[in-house]
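Take a look at the letters that make up each chain.
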Amino acid sequence: MSEIELTGLRKVFEGGVRAVDGIDLTVADGEFFALLGPSGCGKTTLLRTVAGLESADGGTIAIGGDDVTRLSPGDRDVAMVFQDYALFPHMSVVENIAYPQRVKRVPKAERQAAAAAVGADLELAGLMDRRPGQLSGGQQQRVALARAVAARPRVFLFDEPLSNLDARLRLSARTFLKRLQRELAVTTVFVTHDQAEALALADRIAVMEAGRIRQVGTPQEVFRRPANTFVANFIGSTPMNLLPGVAVEGGVTVAGVRLPAAHSVAAGTELVVGFRPEYATASAEDLPGALPGRVAIVEHLGTSLLLTLESGDLAVGVTVPEDAEPAPGTSLWVQPRPDRLLLYDAGGGDIIEA
Amino acid sequence: MMPPVFTPAAFVRRIGFYVLVGLVAAFFAIPLLWLLTAPFDTTPAYGVQVPDFTLGNFRTLLANEQAMISLGESVILALGSMAVTVGGAALAAYALSRVAVPGRGALLYLLLLLSSVVTGTTAMVPIFLLMFEAGLIDSRAGVVLVMTGGLLPAAIFILKDFMDATPRSYEESARVFGARPLQILWHVVVPITRPGLATIAVWATVQVWGNFLVPFILFTDPAKQPAAVIMHTFYTEGGQPKLALISAFSLLYSAPVVAMYVFVSRRYGFRFHGGIKR
């Protein structure tokens with residue numbers, strides 16, 4: 001078993017910046033877990049603290065039930081893949097992959113054979129004698145992964161493992177990474193600022209802001225029901241509509257239009273009404289529970305179009321099929337799906353349960 | 001295209017420029033020419049002349065026991081100081097590069113300033129007294145210590161730059177795999193900073209190889225004097241320089257330094273700043 005348990009973990013940098021501010025988190029054995037957040041939210045610091053490269057200023061870290069908070073990185077039985085891969089430029093691929101075993105004083109022939117086997121699994125068989133400088137970005141990334149695999153750790157820690165690859169390669173590397181993690185079934189924590197990457201790879205995601213976790217959940221939970229407006233804003237490849245509204249009996253009004261919604265707040269309470277552009281339909285005629293607007297901007301997303309409508313002072317986004325492109329200036333009505341409508345507290349931004 | 005047109009004035013200026021450059025080149029080349037011709041001349045003189053070829057001067061030199069011993073002493077002193085300087089400077093530069101010591105910039109510059117004093121002429125009297133009190137007169141270790149003391153600051157200064165240019169993620173990666181600080185230094189930092197270490201090694205060796213004053217003062221026993229000091233004893237009783245011996249000795253004395261420069265330059269390229277060729 002190698003679950004990771006963080007309790008009240010804190011890391012404060014000189015100058016009082018609380019990079020990690022009281023984190024309680026449990027990553028299950030074998031889970032593929034994403035730390036997601038904007039730059040500067042403390043996600044990388046949290047990962048480095050788990051690795052032992054930063055010392056915790058408070059709280060505890062346990063791996064597989066053992067308290068490792070005060071252990072040095074090498075004694076925690078973790079392997080880390082760095083954003084720049086940190087491959088040793090003076091060593092060949094096979095020497096790089098065999099390095100964790102070299103530190104453990106495994107005999108040379110044995111560790112090189114093991115490295116060759118791991119390398120072959122990661123499609124590096126023909127490259128074992130090259131230097132890292134002679135490899136492409138994708139190959140370097142696989143060497144870094146192979147080196148982590150060769151260490152046979154209890155936990156993998158990946159710091160932005162895909163961000164140094166170009167966009168095309170990133171997609172295939174993503175699939176590769178997910179398959180590798182499934183096969184090895186080693187508890188894995190990875191850091192990313194790319195919400196699409198987190199949604200695609202992770203079993204569960206922790207969304208972070210300013211050193212704190214704002215929501216933990218499966219990709220589906222985080223995407224469908226963001227726990228607050230911060231997560232709502234951050235998740236999704238199209239920005240979620242977050243419109244000011246007022247509660248009424250059995251619904252909310254947005255810009256004078258009544259939308260049906262189940263809630264338990266008093267009528268007249270100010271709210272934020274959220275719905276994704278994908279969870280709304282655009283129609284050419286007025287429907288009940290539809291917001292009127294004029295098409296201002298049309299963005300092509302491939303199989304769909306993202307329309308931004310001007311509705312009074314508000315901007316409302318909606319996606320439509322690729323073959324239904326309206327001319328700018330067209331009047332349309334946007335009808336959110338009632339079962340995908342989310343209500344948030346206007347002050348704190350937390351979700352209001354039905 | 002128009003052919004280039006020279007006005008007479010420009011033509012004269014150009015000729016004057018080449019004559020001047022030629023003179024400057026000759027000024028530096030003639031001593032070197034002497035070094036290449038005189039050792040092979042039966043009657044070497046102060047001037048450069050086409051040699052009346054002979055290897056007799058080298059036979060005289062090889063027979064001169066004191067001269068040969070002095071070359072051995074030079075090797076011991078130079079390699080000893082080089083080893084201590086490179087080892088000490090590598091450890092110190094690594095520490096200074098990785099640990100934020102308050103005022104380390106000022107400390108380094110101060111050390112650099114003082115280092116030119118330590119092996120300089122002005123400090124010879126206190127150094128002699130210090131070594132005398134420490135019982136290190138006529139001791140090779142003493143000379144190595146004094147030379148190392150003078151070389152370390154500049155070596156640390158240059159090596160720190162190489163260490164700074166090594167990405168921390170390399171070391172952190174090794175740390176996570178369980179490498180201890182000395183393993184990290186040996187497996188990762190030393191190989192990556194090898195061009196810097198090689199530069200420092202050659203520079204330190206050459207500094208000691210060519211130093212006259214420190215061994216001259218700290219060795220009273222002529223048998224321990226290195227080549228740089230021995231050379232000034234090659235005079236006849238009448239006070240005439242033994243040019244045959246001096247010229248052959250000079251060539252032999254220069255050869256290792258030249259060979260070392262060529263070797264390190266070919267292998268690593270001389271660099272006094274950090275940076276990694278991936």
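1. A closer look at helix H8 (residues 181-192) of chain B
Next, step 1: Between its first and last C-alpha atoms H8(B) spans 15 Å; for 12 residues at 1.5 Å apiece the expected length is 16 Å, and the two agree.
Next, step 2: Burial runs high along H8(B): nine of the 12 residues are buried.
Next, step 3: B:Gln183, B:Ile184, B:Leu185, B:His187, B:Val188, B:Val189, B:Val190, B:Pro191 and B:Ile192 are the residues of H8(B) that are buried.
Next, step 4: Contacts from the buried residues of H8(B) go to helix H2 (93-103) of chain A together with helix H3 (65-98), helix H6 (140-164), helix H7 (168-176) and helix H9 (194-209) of chain B.

2. As for the pairing of strand E10 (residues 212-217) of chain A
Residues and elements named next belong to chain A.
Next, step 1: Of the pairings in the sheet, the one linking strand E9 (residues 204-209) to E10 comprises five bridges and is antiparallel in character. Pairing of Ile205 across the sheet is with Gly217, part of E10.
Next, step 2: Connecting E9 to the antiparallel partner E10 that follows it, the hairpin turn spans two residues, and Ala210 within it adopts a positive phi of roughly 50°.

3. Things to note about the sheet that holds strand E11 (residues 241-248) of chain A
Picture the strands of a sheet paired through backbone hydrogen bonds; they go either parallel or antiparallel.
All names here are of chain A.
Next, step 1: If you walk across this open sheet you meet the five strands as E13-E12-E11-E14-E20, and the pairing is antiparallel. The outermost strands of the open sheet, each flanked by one partner alone, are strand E13 (257-260) and strand E20 (342-345). Here the average twist between neighbouring strands, direction ignored, is 45°.

4. A word on the side chain of A:Ser283
All names here are of chain A.
Next, step 1: Note on placement: Ser283 falls in strand E15 (residues 280-283).
Next, step 2: Residue classification places Ser283 among the buried residues on the basis of a relative accessible area of 18%.
Next, step 3: Of note is the side chain of Ser283, whose polar atom sits 2.8 Å from the backbone oxygen of Glu285.
Next, step 4: Filtering out sequence-adjacent residues up to four positions away, Ser283 remains in contact with Leu332 and Trp333.

5. A few points about the packing of H2(A) against helix H3 (residues 108-121) of chain A
All names here are of chain A.
Next, step 1: One can describe the packing of H2 onto H3 by two numbers: an axis separation of 8 Å at closest approach and a directional angle of 125°. With respect to their mutual orientation, H2 and H3 come out oblique. Judged by the twist between their axes, the crossing of H2 over H3 is right-handed. Between H2 and H3, the residues in contact are Val94, Glu95, Ile97, Ala98, Gln101 and Arg102 and Arg111, Gln112, Ala114, Ala115, Val118 and Gly119, respectively.

6. Description of the confidence of the model for chain B
Next, step 1: The share of residues in chain B with pLDDT of 70 or more is 93%, and the mean pLDDT across the chain is 86.
Next, step 2: Mean pLDDT values for the elements of chain B range from 79 in helix H4 (residues 104-118) of chain B up to 92 in H7(B).

7. Considerations on the interface of chain A and chain B
Next, step 1: Contacts between the two partners involve 27 residues from chain A, matched on the other side by 18 residues from chain B.
Next, step 2: Buried surface at the junction of chain A and chain B, summed over both partners, amounts to about 2000 Å²; 61% is from carbon and sulfur atoms.
Next, step 3: Three residues, A:Pro89, A:Tyr99 and A:Val103, lead the burial of chain A against chain B; their summed loss comes to 23% of the area buried on that side.
Next, step 4: Residues A:Arg48 and B:Glu172 are paired through a salt bridge, measuring 2.7 Å at the closest nitrogen-oxygen approach.
Next, step 5: Counting across the interface, chain A meets chain B through eight residue pairs in polar contact (both at pLDDT 80 or more).

Rules of the game
- Residues numbered from 1 in each chain as written.
- Chains lettered and ligands numbered in written order.
- Predicted model: local features only at pLDDT ≥ 70, side-chain atom pairs only at ≥ 80, totals over all residues.
- Heavy atoms only, no water.
- Helix = DSSP H or I, 4+ residues; strand = E, 2+ residues; numbered from the N terminus.
- Expected span 1.5 Å × (residues − 1).
- Buried < 20%, exposed > 50% of the residue type's maximum accessible area, 1.4 Å probe, protein only.
- Contact = heavy atoms within 4.5 Å.
- Pairing = 2+ DSSP bridges.
- Axes fitted to C-alpha atoms, helices over the stretch in contact; angles between N-to-C directions.
- Polar contact = N/O pair within 3.5 Å; in protein donor to acceptor, adjacent residues only side chain to side chain.
- Parallel < 35°, antiparallel > 145°, perpendicular 65-115°, else oblique.
- Left-handed = near helix turned anticlockwise from the far one by under 90°.
- pLDDT = per-residue confidence, 0-100.
- Buried area = accessible area lost by both parts, 1.4 Å probe.
- Salt bridge = Lys/Arg side-chain N within 4 Å of Asp/Glu carboxyl O.

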